[in-house]
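In case you want the letters, here they are:
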Amino acid sequence: MVALVEKLPLCTPAVVMYTNDECQMIKVSLPNAREDSIEVVCDHGDLVIRSETCDRCYIRRLPLRYQAAREQIRTSLRGEVLEICVPNPRKDVPSVPIA
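Residues numbered from 1 in each chain as written. Predicted model: local features only at pLDDT ≥ 70, side-chain atom pairs only at ≥ 80, totals over all residues. Heavy atoms only, no water.

Attention now goes to the environment of Pro-87. Positionally, Pro-87 belongs in strand E8 (residues 81–87). Through-space distance from the C-alpha of Pro-87 to that of Asn-20 is 9.6 Å; in sequence the pair is 67 residues apart. If sequence neighbours within four positions are ignored, Pro-87 has contacts with Glu-22, Cys-23, Tyr-66, Gln-72 and Ile-73. (Helix = DSSP H or I, 4+ residues; strand = E, 2+ residues; numbered from the N terminus. Contact = heavy atoms within 4.5 Å.)

Shown next, in the form of structure tokens:
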């Protein structure tokens with residue numbers, strides 16, 4: 001992937017973010033992207049999205065409201081929109097008072 005990034009123009013994809021009862025939803029516009037060209041990683045509390053097409057490279061770094069392990073994050077490509085669901089923290093976990 002690194003070799004192509006050096007040759008293709010970098011683009012910042014449009015993003016829509018909102019929170020529902022289940023998760024923080026992130027929708028990323030990735031025109032002409034194939035599912036096998038998309039990479040989603042967690043890096044120091046940020047979500048990093050990368051994708052390459054034949055004529056451009058998309059990259060976007062977004063801060064997450066909640067810490068989540070990569071294996072908890074669900075992704076799906078619907079047409080040209082990548083949908084990412086970062087689960088909200090569980091509300092049923094009891095808090096521990098600090099003495």
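Below, the discussion takes up the side chain of Thr-53. In this structure, Thr-53 sits in the loop between strand E5 (46–52) and strand E6 (57–63). One polar contact links Thr-53 to Asp-55, side chain to side chain, over a distance of 2.9 Å. In this view, Thr-53 contacts Leu-8, Pro-31, Asn-32, Ala-33 and Tyr-58; residues no more than four positions away in its chain are not counted. (Polar contact = N/O pair within 3.5 Å; in protein donor to acceptor, adjacent residues only side chain to side chain.)

Purely spatial values, then, with no claim about function.
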